[in-house]
2 protein chains.
Amino acid sequence: MPVYKAPLDEINFVLNDVLNAQSLTQLPGYQDATPDLIQSVLEEAAKLCENELQPLNRSGHEEGCHYENGVVRTPKGFKQAYDKYVEGGWQGLSFDPEYGGQGLPHTIGFVMEELMCSANMAFAMYPGLTHGAMNALHAHASEELKQRYLPKMASGEWSGTMCLTEPHCGTDLGLMKTKAVPQEDGSFKITGTKIFISAGEHDLTKNIIHLVLAKIPDGPAGIKGVSLFVVPKFLPTEDGEPGMRNGVMCGSIEHKMGINANATCVMNFDDATGWLVGEPHKGMRAMFTMMNAARLGVGMQGLGIGVVAYQNALAYAKDRIQGRALSGAKNPDKAADPIIVHPDVRKNLLQAKAFTEGARVLGYWVGMMIDMYEKHPDAKVRQEAEDFVALITPVVKAYFTDMGYEVATNSQQMYGGHGYIREWGMEQFVRDARIAMIYEGANAIQALDLVGRKMPQNMGRLLRRFFHPMQAELEQSMSEAGLVEFAGPLYKAFGKLQQATAVVAQKGMARPDEAGAASTDYLRIFGLVSLGWMWLKMVKVAQAKLAEGGDGKADFYDAKVKTARFFMEKMLPEVEFRFRSLMSGGKSMMDMSVEQF
Amino acid sequence: MPVYKAPLDEINFVLNDVLNAQSLTQLPGYQDATPDLIQSVLEEAAKLCENELQPLNRSGHEEGCHYENGVVRTPKGFKQAYDKYVEGGWQGLSFDPEYGGQGLPHTIGFVMEELMCSANMAFAMYPGLTHGAMNALHAHASEELKQRYLPKMASGEWSGTMCLTEPHCGTDLGLMKTKAVPQEDGSFKITGTKIFISAGEHDLTKNIIHLVLAKIPDGPAGIKGVSLFVVPKFLPTEDGEPGMRNGVMCGSIEHKMGINANATCVMNFDDATGWLVGEPHKGMRAMFTMMNAARLGVGMQGLGIGVVAYQNALAYAKDRIQGRALSGAKNPDKAADPIIVHPDVRKNLLQAKAFTEGARVLGYWVGMMIDMYEKHPDAKVRQEAEDFVALITPVVKAYFTDMGYEVATNSQQMYGGHGYIREWGMEQFVRDARIAMIYEGANAIQALDLVGRKMPQNMGRLLRRFFHPMQAELEQSMSEAGLVEFAGPLYKAFGKLQQATAVVAQKGMARPDEAGAASTDYLRIFGLVSLGWMWLKMVKVAQAKLAEGGDGKADFYDAKVKTARFFMEKMLPEVEFRFRSLMSGGKSMMDMSVEQF
């Protein structure tokens, strides 16, 4: 059976030593978020994840959800675990205290997301969807709607969903058919079918609050005529309890490749009562609030699965006795050596380690930037932080999830035949990780978002939020002898990223297909360079700690330096490949006629 | 539901135009294997695969195999389909006529392997295992054993297995515990447990012939004390019919990530009667006969899955209406454009096309080389062909299966959310493809075989069988203006392969860990360069055909030229990445202490 231990030492290193998260206490409202408080919160989170959620991961995968006549039952133990989650007050962890939240920094929410996805991704999706719905209501709903729904959601008593996709439209939501007909009392009657609704129906909460995209008749055509509605499963009574059943039913649940313990529902709305969130026909704007947060959350799923897959691959590599080291027996008194003696096994482990530890820094950093743009008193700092988050969101979503799948696959590979057997649990990580590349905007859509929206936005202003500080840090590092080994190759890769940016921007202006053709290579380069930057940051801290004697953790810091070296030597050169591919342009893709495929 | 159409036009192009398979008729015994005969055989094969095997692929995945008290039932329809397979005489297609085979070239067997794996990989494994067992018996068993078993196996009435792995030993078979105690009548009593036995027990055939590795007591320790035995489920009577039940039982079947319709069995041998195949303690040699053929077969599974995944991704990309082309609407009278207008969708399709079509040439070429070394009158030609096959086997196994999984994953990705839903069938391709990277020697083991065994063998003689003809073809191509565009980048990549070879050979001699550290990068470079070579061959044929007017198929040949261009521009540059990674050496992997991971 797979194991999981929340990597609190690693997390503390990132928060306290690399990102200086104690600076968050200087933001208004976060005065109490001291390292000590955060440490005790994370210790409780680790207990929940290790003791309650992880033990249900494999059983949930095998059992799946059950559907009967519109009712969905989650796997054995999920309801009890969810109750503990609610008791612990986890749903409101980083939510506005005015509506029942605990008001801790979003950064901590990002850590919690990683832990929960490592322990049980299918479970984590239930509160994750609620979180997204809470954000959208908080940002766009009327005060009345907020008061009615948010406290119940922040406590975890009620859950939420995002209802976007229809059978004939996923990426292209302008094709949507669901209708919202205005009523005299100001409400709307919603009719239509939504598919792929995660956590659309289940037995964990007393009410389920659907955020639904629909078209008000006679509005603008296409995406500009889409509005957002809140549609509860049970209409709240005057005293705020679930009342009459609304006209929304789960028609069936999907049979999927993975995340079996999360109910993926077909939701039928039949004259369901809903209330407009935000302005009419501006639903996409509200939806993007939810979706951007969700995209970052999905990126953290990639990280979370990568972490747990790595932990299990490592345990197996130390334990499995098979063959001999090429350089001579390491265990001469036993029948064979553990497979961790083999270079290629180490290569896979180091790739997993280099990805997950680098991605953790970037992921938490994004969390801190969200805290900055929500709380910082200086508008300029807020703007810069918001720009950075907007820019990096598609990279976090796509690169983290592509790599999460790759790490899960490589970790499974280390188990040989056992990796293919369900009982061992490694195949679940691959199957669960797979969805993260698809939902919340397939990864190719993220790449288009990066080159088509984020790159040109405000004449490249978003890009400068990344390029300028990285340039400065690289220049400073190049002047330090101990850092040149790392900063040197990274500087070259950074140059390639800048060159690629110029080419894509220039070519894409005249011929959008050229930007499209370059997009996935470009995003991958961006991801690799970003991770390299994070490793440079970690090396700097580790070297400084080692110079001071290592604080009793010399081995830990030394491992950081070695892993950074591995990243620069073995992973960063992929930039060269992607750069060449990108520079060759889109002609070889676009020249084929449809019939020639 | 997924579709499959045997790509006979593509296959004929490869056999007749690229590889000149009609030359096989000059080999003794293959006089009748004319293009016409082969064409009619392949048309029948296509019917079997399209009409009988493919329709059972998804239902077999969903239903899986059933186990009760040692008895295994295959999914609904499998027995009927297998009977048709037997009626058609397919099992003996390329087998020795002396033992009931039809004596067609192995090349045709390779084509059949591709078609069957595209249609239904889990089904294809039943006859595939029989095929492997037949080869081992044919090469190593006594005439008496051959007469007893081979005709029944060549007809498909009886099936076969390979019993190698035990719970504590997979890659390292020297650790094996299964014992074979000699009896007075010359037979042996076999006792032990084997796991991961594909097709170990099922209801398709009247008898199952297990080829079992075991140790004769008091033999040499480790791998040098392993012998091969034939152990039938039912002991054949004098008249060759299945008689008394032997002491071999299926203890359970595994629950797996995929290939659900193939029974993966735990086999318990309890004083089972067996007969020695070949010499005592030389079992590994005999096993390698079986395993090398099996490794090529597994490589063809990677190709087969890639082909069917591509076909379905293409169908969806043409059919799915979503969004607009970046360069302006292509379908202005409809609500949206088909997704094949998007550059990145085309990139995924072209990658799948470039891999599968290139791999098909290489795969069939290996089939022809096997025919050469079995049949050619000139010993020198035989030796050269055998060398080539030995060298390229690990590349075909590992590179084809890594790419099969990648193509299946990318093809699934094109379906968006639907790709994750079981009903659509794309997730099965990913799950089935996954095993091919693991079994018959995990892909990292293939890489070690390439750098550790094949590279140094006979002072690099095997490598010269690849390097010399490729060098000659590249030089000749560089002198033709129309080919420089393709041969130029390939020549550079080939140079990198040669340079990498020299470095690995030199460093690996002094420090074997350096060869191990380089192995997977090296194999990948080898795969990419091999595929590039195949594309150069195809371009030459296509250009010549186009120069003659295209023979009514100008579009087909033009697509070959365009796909070759895509390969050189978008896929071959990966060599640059892998080369840099390889050249950085193994230090960054080996420097970490076990505790630092």
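Cut-offs used in this document
Residues numbered from 1 in each chain as written. Chains lettered and ligands numbered in written order. Predicted model: local features only at pLDDT ≥ 70, side-chain atom pairs only at ≥ 80, totals over all residues. Heavy atoms only, no water. UniProt positions renumbered as here; feature names shortened; annotations may be inferred. Helix = DSSP H or I, 4+ residues; strand = E, 2+ residues; numbered from the N terminus. Rg over C-alpha atoms; globule rule 2.2 N^0.38 Å. Buried < 20%, exposed > 50% of the residue type's maximum accessible area, 1.4 Å probe, protein only. Contact = heavy atoms within 4.5 Å. Areas by Shrake-Rupley, 256 points an atom, 1.4 Å probe, with all protein chains shown as cover. Lys, Arg positive; Asp, Glu negative; His and termini not counted. Charge placed at Lys NZ, Arg CZ, Asp CG, Glu CD. Buried area = accessible area lost by both parts, 1.4 Å probe. Salt bridge = Lys/Arg side-chain N within 4 Å of Asp/Glu carboxyl O. Nonpolar A, V, L, I, M, F, W, Y, C, P; charged D, E, K, R; others polar. Least-squares fit on C-alpha atoms with pLDDT ≥ 70 in both. 1 Å grid on protein atoms, 1.4 Å probe; cavity = no way out; pocket = protein on both sides within 12 Å on 5 of 7 lines; lining within 4 Å. Points joined across faces, edges and corners; volume = space filled by probe spheres on them. Core = buried A, V, L, I, M, F, W, Y, C linked by side-chain atoms within 4.5 Å. Axes fitted to C-alpha atoms, helices over the stretch in contact; angles between N-to-C directions. Parallel < 35°, antiparallel > 145°, perpendicular 65-115°, else oblique. Left-handed = near helix turned anticlockwise from the far one by under 90°. Polar contact = N/O pair within 3.5 Å; in protein donor to acceptor, adjacent residues only side chain to side chain. Domains from an automatic or database assignment.

Within an unreviewed UniProt entry, the label attached to chain A reads 3-methylmercaptopropionyl-CoA dehydrogenase, and the organism entered is Aerophototrophica crusticola. Taken verbatim from the UniProt record of chain A, the Sequence similarities (unreviewed entry) comment is "Belongs to the acyl-CoA dehydrogenase family." Within the UniProt record for chain A, the comment given under Function (unreviewed entry) is "Involved in the assimilation of dimethylsulphoniopropionate (DMSP), an important compound in the fixation of carbon in marine phytoplankton, by mediating the conversion of 3-(methylthio)propanoyl-CoA (MMPA-CoA) to 3-(methylthio)acryloyl-CoA (MTA-CoA)."

S.K.: When you look at the overall build of chain A in this model, what are you seeing that I'm missing?
M.R.: What chain A contains, in helices and strands, is 17 helices and eleven strands. In terms of overall size, chain A behaves like a compact globule, its C-alpha atoms giving a radius of gyration of 24 Å where 597 residues would be expected to give roughly 25 Å. If one aligns the C-alpha atoms of chain A with their principal axes, the spans along those axes are about 80 × 60 × 60 Å. Across the 597 residues that make up chain A, the buried fraction comes to 63%. Of the contacts formed within chain A by residues at least 6 apart in sequence, a portion of 74% connects residues at least 24 apart. When the accessible surface of chain A is split by element, carbon and sulfur atoms take 53% of a total near 20,500 Å². Between the averaged position of the 60 positive side-chain charges in chain A and that of its 69 negative side-chain charges there is a distance of 5 Å.

S.K.: Where do I start with the interface of chain B and chain A in this structure?
M.R.: Each side of the interface is counted separately: chain B has 92 residues, and chain A has 92 residues. Across the interface of chain B and chain A, roughly 8,200 Å² is buried in total on both sides, 58% from carbon and sulfur atoms. Summed over the three residues of chain B that lose the most area to chain A, namely Y420, K570 and F597 of chain B, the buried surface amounts to 11% of that side. Viewed at the interface, chain A and chain B are joined by four salt bridges. For K347 of chain B, the salt bridge goes to D521 of chain A, with nearest N and O atoms at 3.1 Å. With nine residues, the top contributor of residues to the side of chain B that touches chain A is helix α15 (residues 554-571) of chain B. A class-by-class count of the residues in the side of chain B that touches chain A yields 41 nonpolar, 24 polar and 27 charged.

S.K.: Would you mind going over the UniProt feature "domain: Acyl-CoA dehydrogenase/oxidase N-terminal" (unreviewed entry) in chain A with me for this structure?
M.R.: This chain's UniProt record puts "domain: Acyl-CoA dehydrogenase/oxidase N-terminal" (unreviewed entry) on residues 40-157 of chain A. With 66% helix and 5% strand, residues 40-157 of chain A has end C-alpha atoms that lie 24 Å from one another.

S.K.: Sorry if this is basic, but what is going on with the relation of the copies chain B and chain A here?
M.R.: Relating the two copies of this chain is a rotation about some axis coupled with a shift parallel to it. With an RMSD of 0.0 Å, the operation that places chain B on chain A is a rotation of 180° combined with a shift of 0.0 Å along the axis. Classification of the inter-copy transformation places it as that of a two-fold axis. No C-alpha of chain B lies nearer the rotation axis than that of F577 of chain B, which sits 2.7 Å from it. By residue overlap, the copies meet face to face through one surface: 100% of the interface positions of chain B are interface positions in chain A.

S.K.: Where do I start with empty space enclosed by the protein in this structure?
M.R.: The gaps left among the atoms become clear once a water-sized probe is rolled over them. For the structure shown, the criterion picks out two cavities of 30 Å³ or more. As for the largest cavity, its lining consists of V503, V504, K507, E514, A517, A518, L582, G585 and G586 of chain B. Among the secondary structure elements, those contributing two or more residues to the lining of the largest cavity are α13 (481-510) and α14 (512-547) of chain B. When grouped by side-chain class, the residues that make up the lining of the largest cavity number five nonpolar, two polar and two charged. Taken as a whole, the second largest cavity holds about 40 Å³ of empty space. Along its surface, the second largest cavity is lined by V503, V504, K507, E514, A518, L582 and G585 of chain A. Listing elements by their share of the lining of the second largest cavity, those giving two or more residues are α13 (481-510) and α14 (512-547) of chain A. Per-element tally for the lining of the second largest cavity: the top contributor is α13 of chain A, with three residues. Classifying every residue of the lining of the second largest cavity by side-chain character gives four nonpolar, one polar and two charged.

S.K.: Sorry if this is basic, but what is going on with the nonpolar core here?
M.R.: Soluble globular proteins: nonpolar side chains tend toward being buried together. Ranked by internal contacts, the top residues of the largest apolar core, which has 426 residues, are Y522 and F526 of chain A together with Y522 and F526 of chain B. In this structure F526 of chain B touches L391, I392, V395, L450, L463, F466, F467 and L497 of chain B, once residues within four positions along its chain are discounted.

S.K.: Would you explain the packing of helix α9 (residues 379-413) of chain B against helix α11 (residues 443-454) of chain B in this entry?
M.R.: Between two packed helices, the angle of one axis relative to the other and the distance separating the axes together describe the packing. All names here are of chain B. The interhelical angle for the contact between α9 and α11, taken along N-to-C directions, is 155°, at an axis separation of 9 Å. When the axes of α9 and α11 are compared, the pair comes out roughly antiparallel. Every pair of crossing elements has a handedness; the one defined by α9 and α11 is left-handed. Each of A390, L391, P394, V395, K397, A398, T401 and D402 in α9 lies in contact with α11, whose residues at this interface are N443, Q446, D449, L450 and K454.

S.K.: Looking at this structure, how should I read the environment of K256 of chain B?
M.R.: Topologically, K256 of chain B is positioned in the loop between β10 (248-253) and β11 (264-277). A relative accessible area of 4% places K256 of chain B in the buried class. It is 31 Å that separates the C-alpha atoms of K256 of chain B and K152 of chain B, two residues lying 104 residues apart in sequence. Residue contacts for K256 of chain B: discarding those within four places in its chain leaves Y420, I421, R422 and E427 of chain A together with N262 and T264 of chain B. Of note is the side chain of K256 of chain B, whose polar atom sits 3.2 Å from the backbone oxygen of I259 of chain B.

S.K.: How do you make sense of the domain arrangement of chain A when you look at a structure like this?
M.R.: One frequently used descriptor of interface size is the decrease in accessible area upon assembly of the parts. Residues and elements named next belong to chain A. Looking at chain A, the domain boundaries give domain 1 (8-140), domain 2 (160-283) and domain 3 (452-588). Between the C-alpha centres of domain 1 and domain 2 the distance comes to 25 Å. Listed by partner, the interface residues are 25 residues for domain 1 and 24 residues for domain 2. Taking both partners together, domain 1 and domain 2 bury about 2,300 Å²; carbon and sulfur atoms supply 71% of that area. Three residues, V72, Y126 and L129, lead the burial of domain 1 against domain 2; their summed loss comes to 25% of the area buried on that side. Applying the counting criterion to the domain 1 and domain 2 interface returns zero salt bridges. Linking domain 1 to domain 2 there are eleven residue pairs in polar contact (both at pLDDT 80 or more). For the side of domain 1 that touches domain 2, the secondary structure elements donating two or more residues are α3 (57-63), β1 (66-68), β2 (71-73), α4 (78-87) and α5 (106-140). Looking at which element gives the most residues to the side of domain 1 that touches domain 2, the answer is α5, with ten residues.

S.K.: Would you explain the pattern of salt bridges in this entry?
M.R.: A side chain with one charge may pair with a side chain of the opposite charge, provided their charged atoms come close. All names here are of chain B. Evaluated as defined, the whole model comprises 78 salt bridges over all chains. A salt bridge links D449 to K454, with the nearest nitrogen and oxygen atoms 2.9 Å apart. You can call D449 buried: its relative accessible area is 5%. Owing to a relative accessible area of 8%, K454 belongs among the buried residues under this scheme. Note that K496 is salt-bridged to E576, the shortest N-O span being 4.0 Å. In this pair, K496 is assigned in helix α13 and E576 in helix α16 (residues 574-583), connecting sequence segments 80 residues apart.

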